[in-house]
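Chain by chain, the residues:
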Amino acid sequence: MKAFFLISLTLITTSLFTTFSFSHEASEASVKTDLETYIVVVEKPDGLLESKLHDWYTTFLPEATSSLIPNQQRIVHSYHNVITGFAAKLTPQEAKAMELKEGFISARVERPVSLHTTFTPKFLGLQQNVGGWKSSHYGEGVIIGLIDTGIKHDHPSFFDKGMPPPPAKWRGRCDFNGKRTCNNKLVGARNFISRGTDLPWEEAYHGSHTSGIAAGCPVEGANVFGQANGTATGIAPRAHVAMYKACAVSCYDGDLLAAIDAAIDDGVDLLSISIGPESPFPFYYDVIALGAFRAIQKGIFVSCSAGNDGPYPSTVTNDAPWILTVGASTIDREIRATVKLGNNVELHGQSLFQPKDFHPRQPLPIVHPAAISNNESAAVCEKGSLKNIDVKGKIVICHMGQLRIEDKGKEVKDNGGAAMIVFNEQDDGYTTLATANVLPASHISYKDGLVLKNYLISTQSPTATISFQGTLIGKSQPAPQMASFSSRGPSTQSPGILKPDIVGPGLNILSAWGVSIDEATNPFNVISGTSMSCPHLSGVAALIKSAHPDWSPAAIKSAILTTAYTADLNGNPISTEQNVSATVFDRGSGHVHTLRALNPGLVYDIEPDDYIPYLCGLGYSEQQVRYIVQRKVNCSTPTLIPGAQLNYPTFSMVLGAGDQMTYTRTVTNVGRPFSTYISKVLSPQGVAVKVMPSVIRFKDLNDKASYTVTFTRLENVTRSSIIGQGSLVWNSIGDDGYKVVSTIAVVFV
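About the thresholds
- Residues numbered from 1 in each chain as written.
- Predicted model: local features only at pLDDT ≥ 70, side-chain atom pairs only at ≥ 80, totals over all residues.
- Heavy atoms only, no water.
- Helix = DSSP H or I, 4+ residues; strand = E, 2+ residues; numbered from the N terminus.
- Rg over C-alpha atoms; globule rule 2.2 N^0.38 Å.
- Lys, Arg positive; Asp, Glu negative; His and termini not counted.
- Charge placed at Lys NZ, Arg CZ, Asp CG, Glu CD.
- Pairing = 2+ DSSP bridges.
- Axes fitted to C-alpha atoms, helices over the stretch in contact; angles between N-to-C directions.
- Salt bridge = Lys/Arg side-chain N within 4 Å of Asp/Glu carboxyl O.
- Buried < 20%, exposed > 50% of the residue type's maximum accessible area, 1.4 Å probe, protein only.
- Phe/Tyr/Trp six-rings, centres within 6.5 Å; stacked < 30°, edge-to-face > 60°.
- Lys NZ or Arg CZ within 6 Å of the ring centre and 35° of its normal.
- Contact = heavy atoms within 4.5 Å.
- Polar contact = N/O pair within 3.5 Å; in protein donor to acceptor, adjacent residues only side chain to side chain.
- 1 Å grid on protein atoms, 1.4 Å probe; cavity = no way out; pocket = protein on both sides within 12 Å on 5 of 7 lines; lining within 4 Å.
- Points joined across faces, edges and corners; volume = space filled by probe spheres on them.
- Nonpolar A, V, L, I, M, F, W, Y, C, P; charged D, E, K, R; others polar.
- Core = buried A, V, L, I, M, F, W, Y, C linked by side-chain atoms within 4.5 Å.
- Patch = residues over 30% accessible without salt bridge, like charges linked within 9 Å, V, L, I, M, F, W, Y side chains within 5 Å.
- Areas by Shrake-Rupley, 256 points an atom, 1.4 Å probe, with all protein chains shown as cover.
- UniProt positions renumbered as here; feature names shortened; annotations may be inferred.
- Disulfide = S-S within 2.5 Å.

Q: Kindly report on the overall build of the chain, identifying the contributing residues and their values.
A: Scanning the chain from terminus to terminus reveals 18 helices and 33 strands. Scaling as 2.2 N^0.38, a compact globule of 749 residues should have a C-alpha radius of gyration of about 27 Å, and the chain matches this with 27 Å. When its C-alpha atoms are laid out on the principal axes, the chain stretches across 85 × 80 × 60 Å. Here the chain contributes 61 positive and 65 negative side-chain charges, whose respective centroids are spaced 5 Å apart.

Structural data, given as structure tokens:
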């Protein structure tokens, strides 16, 4: 399924100038057509002032006398936080020539990257004037920087009624002009796209949606086509928003790097990035990993989407351990559209568009293009595929495939179809989308699709109707449940770190939108993706930051991971889209529990320099590690540690026959003084786990205690899977009820 909100991109070499017929001008145009944007990394000379960096960068450019392109037009971005370097328009030959210059480290062509709520605050346990919102001041005083597609700055989700000014540390700016620009809610908006518009105005609508989820202020009567009606509010409604536009119709990592660089300078407290590489890269080659590391060095928390390439294993991206990597799960809200077959069997699906005037006097005939044509395009109802098939006045069945449901519906409607049923492929299971269809429609699960296909076989004249029940709460599949598209672990870049970290609401989420799709004054839309789950967790992190302003990014992450829950609302284990129990590589530590995360008892803290022996342990060269941490390092053997030895809130390891691994963890007391914790282990099948000591005590707040855990693979134990999973829990003694859970993930080889 690729119908969720995701823009996949391919690298395009941009033709900048027109080619003329004259020989010299043709030569010049040829050079300019070969230009691509390169990210160039250099080593800053000792003593060079930061104010002189840009001038020094220009010394790496081709000599002006030998260049047909003015050098002042060459440099697209100058970096000084994330990396020492710049993005510039160069030919391959010019980039190669740079290698001879002193201080040059590397140059590569920029890569494409992909763009990966009325009800969800309540689903996360947030209620006005009580509990988590009250204790965290609704996120007041926290600035969330979103790297995205721009923002609709005049949307009511970003009005500032009752909002205080941003903290004095704020150094950002607003690039909007006109009557309405920025305010105390939207405190900054900048554009970093090196192609096209200069304004941070929303073009793809993705950025308004993610901003509204994270920190939108309350908007009453938010709905789409009358559905999901209620007061739309962000998870941290009193947090400030700063938008850094790095994507539009296309996204490139050079622009993304510049946006992160500026956000660090401006003084954001958190970064929310619902964008990711099209496939995992080593951290020294991944601009989001690079930018996020520089951010955490400055005390900035970073939350990123896990990717939309599930349900397949090892597809998770944004998987550096200093990033909170967020997968997507469901909520218990359904916008129901029920298919009633001619044999009276009912199949419950979803549709955001719920027409009130669709009441055919009798069931309509069904047509299944896949049974008529051998053309796969007709099976998924691609544009132009139904012109030779009689669909007029009928309900058309379309397979899910990779095409957006809205585009299928347009093809059906353009050819006279009366309605549409879309059914899932097997991999997408029970994940169904509520989309803004252009005609009466229902998206049903794979299981119900099989029922539908069996019915088609059973009769020569199949018929059906579709009825619309509107928005239902608590009537859907078990929730939370994994969304099929949510990318899964284990991490290919660092198997010693469990990824994704956490899951949050990402399916059929209502939030702000750039244009009205239903003629509403205040536009909203319902879309899906890990792009939606990421800002939910960014909002939760903002609440924690507001409640605990001195906590490090690692401490905030630890609070989220060790307090997550792993059971659905019915008390059963969180399941996958196939209705089977999810593994730790599907859901990470589990689903975020906002209230518990605000008061976790213990945290696993990590200082930025603690990542250096971990990075050396990944086999990176000293130069590659230096590229990430921006200083000289020593990767001598005694300083190396395996990934699982990092002071991470979870455990992830590979165990072969007879293997025994011992890891050390250190926890910090943030609960109450004079506290005692007792360990309890749920061992993975086929693994013995020993914790020493089994009891830890704290006298004061912020005291630390260390323990070791030894994992031993047992011989002659029959296992049901190549994956083992369990947990180590530290339970506090007393009536405070702290329960600090570290998830255990094992891959057997």
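Q: Residue-level account of the sheet that holds strand S32 (residues 723-732), with values.
A: What the five strands build is an open sheet, ordered S26-S33-S32-S28-S30; its pairing is mixed. Whereas interior strands pair on both sides, the edge strands pair on one side only; in this sheet they are strand S26 (651-655) and strand S30 (695-698). In this sheet, neighbouring strand axes are inclined to one another by 20° on average, regardless of whether the strands run parallel or antiparallel.

Q: Pulling in residues and values, what's your account of the pattern of salt bridges?
A: Inspection of the entire model under this criterion finds 20 salt bridges. Note that Arg74 and Glu94 form a salt bridge whose closest N and O atoms lie 2.7 Å from each other. Here the residue Arg74 occupies a position in the loop between helix H2 (53-58) and strand S2 (75-79), and Glu94 occupies one in helix H3 (residues 92-98), the gap between them amounting to 20 residues. The residue Asp501 makes a salt bridge to Lys499 at a minimum N-O spacing of 2.6 Å. For Asp501, a relative accessible area of 1% gives the class buried. Each of the salt bridges in this network shares a partner with another, and the network as a whole consists of Arg108, Arg111 and Asp253.

Q: Lay out the sheet that holds strand S29 (residues 687-692) in plain terms, naming residues and giving numbers.
A: Spatial ordering of the open sheet is given by S25-S27-S31-S29, a layout of four strands whose pairing is antiparallel. Here the strands that pair on one side only, and so sit at the sheet edges, are strand S25 (602-603) and S29. Here strand S27 (residues 660-669) pairs with strand S31 (residues 704-713) via nine bridges, running antiparallel. Across the sheet, residue Gln660 finds its bridge partner in S31, namely Thr712.

Q: Please give an account of the packing of aromatic side chains that cites residues and values.
A: Summed over the entire model, instances satisfying the criterion amount to 19 aromatic pairs. Ring centres 5.8 Å apart and planes at 65° place the aromatic pair Phe281 and Tyr285 in the edge-to-face group. For Tyr285, a relative accessible area of 34% translates into the label partly exposed. Put simply, the rings of Trp56, Tyr57, Phe60 and Phe86 pair up and form one aromatic cluster. We note Arg111 situated over the ring of Phe281; from NZ or CZ to the ring centre the distance is 3.9 Å. Note that Arg111 overlies the ring of Tyr285, its terminal NZ or CZ placed 4.3 Å from the centroid.

Q: Quick rundown of helix H11 (residues 405-414)? Include the residues and the values.
A: An α-helix turns once per 3.6 residues; consequently, residues spaced three or four apart project the same way. Among the residues of H11, Ile405, Glu406, Lys408, Gly409, Glu411 and Val412 are the ones counted as buried. Residues of H11 that are buried sit in contact with strand S18 (395-399), strand S19 (419-423) and strand S20 (441-444). Directly after H11, the chain includes Gly416, whose backbone phi takes a positive value near 90°.

Q: Tell me what's going on with the environment of Arg672, and back it up with residues and numbers.
A: Here Arg672 lies in the loop between S27 and strand S28 (675-682). Between the C-alpha atoms of Arg672 and Ile397, which are 275 residues apart in sequence, the distance is 60 Å. Setting aside chain neighbours within four positions, we find Arg672 in contact with Leu701, Ile733, Gly734, Asp736 and Tyr738. Separated by 3.2 Å, the side chain of Arg672 and the backbone oxygen of Phe674 make a polar contact.

Q: Let's hear about helix H18 (residues 622-629): which residues, and what values?
A: Those residues of H18 lying buried are Val625, Tyr627, Ile628 and Val629. Where H18 is buried, its residues contact strand S1 (36-42), strand S4 (104-109), helix H8 (287-297) and helix H17 (611-617). One or two positions beyond H18, positive phi appears at Gln630, with a value near 65°.

Q: How would you sum up the side chain of Asp286? Please name residues and give values.
A: By the element assignment, Asp286 lies in the loop between strand S12 (275-277) and H8. Buried within the structure, Asp286 lacks any salt-bridge partner; its nearest side chain of opposite charge belongs to Arg111, at an N-O separation of 5.4 Å. Residues within four places of Asp286 in sequence aside, it is in contact with Arg111, Pro277 and Phe281.

Q: Tell me about empty space enclosed by the protein, and name the residues and values.
A: Looking at the largest cavity, its volume works out to about 50 Å³. Around the largest cavity sit Arg111, Pro112, Val113, Asp253, Pro277, Phe281, Asp286 and Val287, which together line it. Tallied by class, residues from the lining of the largest cavity come to five nonpolar, no polar and three charged.

Q: Explain the nonpolar core residue by residue, including any values.
A: Residues Ile147, Tyr244, Trp322, Ile560 and Leu615 are the most contacted members of the largest nonpolar core, which totals 103 residues. In contact with Ile147, not counting residues within four places along its chain, are Tyr244, Ala246, Leu256, Ala259, Ile260, Leu271, Ser272, Ile273, Ser274 and Ile275. If you look at the next biggest cluster of nonpolar residues, it comprises 25 residues, including Leu655, Tyr677, Phe698 and Tyr738.

Q: Describe a negative patch on the surface, and please don't skip the residues or the numbers.
A: On the surface, Glu376, Glu382, Glu425 and Asp427 cluster together to form a negatively charged patch. Mapping Glu376 onto the fold places it in helix H10 (residues 376-379).

Q: Outline the pairing of S31, supporting the account with residue identities and numerical values.
A: In terms of strand pairing, S29 meets S31 through six bridges, oriented antiparallel. Bridge assignment links Val691 to a residue of S31, and that residue is Val709.

Q: Let's hear about the UniProt feature "domain: PA" (unreviewed entry) in the chain: which residues, and what values?
A: UniProt feature "domain: PA" (unreviewed entry): in the numbering of this structure it lies at residues 377-451. With 25% helix and 19% strand, the stretch residues 377-451 has end C-alpha atoms that lie 23 Å from each other.

Q: Tell me about the pairing of strand S16 (residues 346-350), and please be specific about residues and values.
A: Here five bridges tie strand S15 (residues 333-341) to S16, and the two strands are oriented antiparallel to one another. Opposite Lys340, over in S16, you have Glu346 as the bridge partner. Following S15, the chain reverses through four residues before pairing antiparallel with S16; Asn344 in that reversal takes a positive phi of roughly 75°.

Q: If you had to explain the state of the cysteines to someone new, which residues and values would you point to?
A: According to the stated counting rule, one finds four disulfides in the structure shown. Across the disulfide, Cys381 is cross-linked to Cys398 (sulfur-sulfur distance 2.1 Å). Between Cys381 and Cys398, the S-S torsion sits near -90°, and that sign places the bridge as left-handed. A residue pair is termed long-range when its members are at least 10 positions apart, and Cys381 in the loop between H10 and S18 and Cys398 in strand S18 qualify at 17 residues. In this structure, Cys381 and Cys398 share a single accessibility class: buried. The disulfide that involves Cys616 links it to Cys635, with 1.9 Å between the sulfurs.

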